[in-house]
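# Understanding the architecture of this molecule
Each chain is listed here by its residues.
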Amino acid sequence: MRIERYIADDTKTAMAKVRAELGSEAMILANRRVGGRVELTAGVDLEDAVEAPITPRQAVAPRGFDSRIASEPLGAYDPQSGVYADPTRSYPMETRARAPQDMQLQALEQEVSRLRGILQHELGGRPTAATVADQGANVGTNTGAREPRAMLRQRLLRLGLSRSLAEEIIGTLPPVRNLNDSWQRALRKLVSIVNTQALPADRDSVFALFGGTGVGKSSTIAKLAGADVQRFGVHGVGLITLDNYRIGAQEQMSSFAYTLGIPLYPANDRQSLALALQELQGRRVYIDTAGMGQHDDRLARQINLVREQEQPITSLLTLSASAQPSQSRALSSLFTRSGVTGAIITKVDEATSLGGILDVLIRSRLPLHVTCDGQRVPDDIQAADGQVLVRRAVELLRSEEPGVDGQIGPSQAPTVMPKGMV
């Protein structure tokens, strides 16, 4: 293949030069701006280039190639020796054939070098494999000082955090010189900014759980109510359901209420909800709402239905750890504006990463009250613990990267409800 470069004031002129010298079969290999002008790298198959030999003005001589070979006669070819026999000199045939190949390699090397520079700039100095192998060592040079920071950023991103939160955490740390030490500090910082609080322990409290479809609100309510039955007895807990949309929703809540031995009241408007709250006065009440998309108009009506009640109601957002962070972020933004004051995380056992849901909680500034990690009622529910969640997030990361160190403090088992609510 014959490779040539053409520089002109504009693309049209450069293309005209390509067609004039290489013919209509030429292919454009690269195109870039050089000092306000256009540079095209074009190539044509050698069979098409036989009748258009390289002239001294066009030639870009590769390293180790004698340009005289292209213009001087070579004499008769000897098929046994593979050279052109000339009375005064002899050149191997492969030397002449290597000229267009070297030119092609030179052009490709330049293009690869340019692309490598672009990638390194966009990735912000992403470490090489050799650097990763030495990730725990102290690095003293300026270039090396940037690599542990970039490696720490990449690890936080793989944990599931957003780039902005990862940068904020790194910004609070001392200069990153040792990856493992900085990783431990970053994890401790992450634990400190996860806001966890116990639910109010008062018996005379009302909680409404909101969330998207399939996040596990109903089963979470059953777990919360089951834990409270152990503390207050069957006469101290009650349930209300606003879910009149899903088929079988009220039957599911009726089954939970029957199993726990507590009353359940359905409601579908402001008046019926007020009457249900009055009937359950003095009890700890949980209100189940219908799971809907954030753009569903019926969702806004349920939110307003709860907010319009005279009796104080604590609204909690239920988020699934197995959901996409973008979906949880959208729900968090909607419900935070609608008066939600706390959060619950469900399906921790089904998640492949926990960094995303932790990022959503930190960004929303919602306190996390409890987490759920199974289907057993009321066993699979725990008081929220930032250290436990971060350690579990690291364990999920270690399942993909075994070399990641996850020690962020003394081992601590999650507190099973209802102790965590007192």
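Residues numbered from 1 in each chain as written. Predicted model: local features only at pLDDT ≥ 70, side-chain atom pairs only at ≥ 80, totals over all residues. Heavy atoms only, no water.

Mapping Gln-375 onto the fold places it in the loop between strand E13 (368-372) and strand E14 (381-383). When its relative accessible area of 58% is taken as the criterion, Gln-375 is described as exposed. In sequence terms Gln-375 and Gly-216 are 159 residues apart; their C-alpha atoms lie 9.5 Å from each other. (Helix = DSSP H or I, 4+ residues; strand = E, 2+ residues; numbered from the N terminus. Buried < 20%, exposed > 50% of the residue type's maximum accessible area, 1.4 Å probe, protein only.)

Take the sheet that holds strand E2 (residues 27-34) next. Strands sit in the order E1-E3-E2 across an open sheet of three strands; the sheet is antiparallel. Every other strand in the sheet has two partners, leaving strand E1 (2-8) and E2 as the edge strands with one partner each. Taken over all neighbouring pairs, the strand axes of this sheet differ in orientation by 20° on average, direction set aside. Bridging between E1 and strand E3 (residues 37-44) involves seven bridges; their strand directions are antiparallel. Paired with Ile-7 across the bridge in E3 is Glu-39. Its contacts with the sheet place helix H1 (residues 11-22) against E1, E2 and E3, and it is angled at close to 145° to E1. (Pairing = 2+ DSSP bridges. Axes fitted to C-alpha atoms, helices over the stretch in contact; angles between N-to-C directions. Contact = heavy atoms within 4.5 Å.)

This paragraph deals with the packing of aromatic side chains. Scanning the entire structure with this criterion turns up two aromatic pairs. Where Phe-210 meets Phe-335, the ring centres are 5.7 Å apart and the plane angle is 35°; that geometry is what we call tilted. With Phe-210 in strand E7 (residues 206-211) and Phe-335 in helix H12 (residues 325-337), the pair connects residues that are 125 residues apart, well separated along the chain. The aromatic ring of Trp-183 is capped on one face by Arg-155, whose charged end is 5.0 Å from the ring centroid. (Phe/Tyr/Trp six-rings, centres within 6.5 Å; stacked < 30°, edge-to-face > 60°. Lys NZ or Arg CZ within 6 Å of the ring centre and 35° of its normal.)

A word on the side chain of Ser-315. By the secondary structure assignment, Ser-315 is in strand E11 (residues 314-320). For Ser-315, a relative accessible area of 8% corresponds to the buried category.

All right, on to unusual backbone geometry then. With a phi angle near 55°, Lys-347 is a residue other than glycine that sits in the positive phi range. In this structure, Lys-347 sits in the loop between strand E12 (342-346) and helix H13 (355-364). The residue Arg-365 is not glycine, and still its phi comes out positive at about 60°. Along the polypeptide, Arg-365 turns up in the loop between H13 and E13. Of the residues examined, Arg-365 reaches a relative accessible area of 73% and is grouped as exposed.

A few words on the sheet that holds E13. Hydrogen bonds between backbone groups are what pair the strands of a sheet, and the pairing can be parallel or antiparallel. Pairing is mixed across the open sheet formed by eight strands, whose spatial order is E9-E8-E10-E7-E11-E12-E13-E14. For this open sheet the edge positions go to strand E9 (264-266) and E14, each flanked by a neighbour on one side alone. Between one strand axis and the next, the sheet turns by 25° as a mean value, whatever way the strands run. Contacts from helix H8 (residues 217-232) reach E7, strand E8 (237-241), strand E10 (284-288), E11, E12, E13 and E14, with the element oriented near 170° to E10.

A word on the pattern of salt bridges. Enumeration over the complete set of coordinates arrives at eight salt bridges. The salt bridge partner of Arg-37 is Asp-9, with a shortest N-O separation of 3.1 Å. Linking Arg-37 in strand E3 with Asp-9 in the loop between E1 and H1, this pair joins segments that are 28 residues apart in sequence. Classification of Arg-37 by relative accessible area gives partly exposed; the value is 35%. With a relative accessible area of 55%, Asp-9 lands in the exposed category. Ionic pairing is found between Glu-39 and Arg-32, a salt bridge with its closest N-O pair at 3.0 Å. On the basis of relative accessible area, Glu-39 is assigned to the buried category, the value being 7%. For Arg-32, a relative accessible area of 37% corresponds to the partly exposed category. (Salt bridge = Lys/Arg side-chain N within 4 Å of Asp/Glu carboxyl O.)

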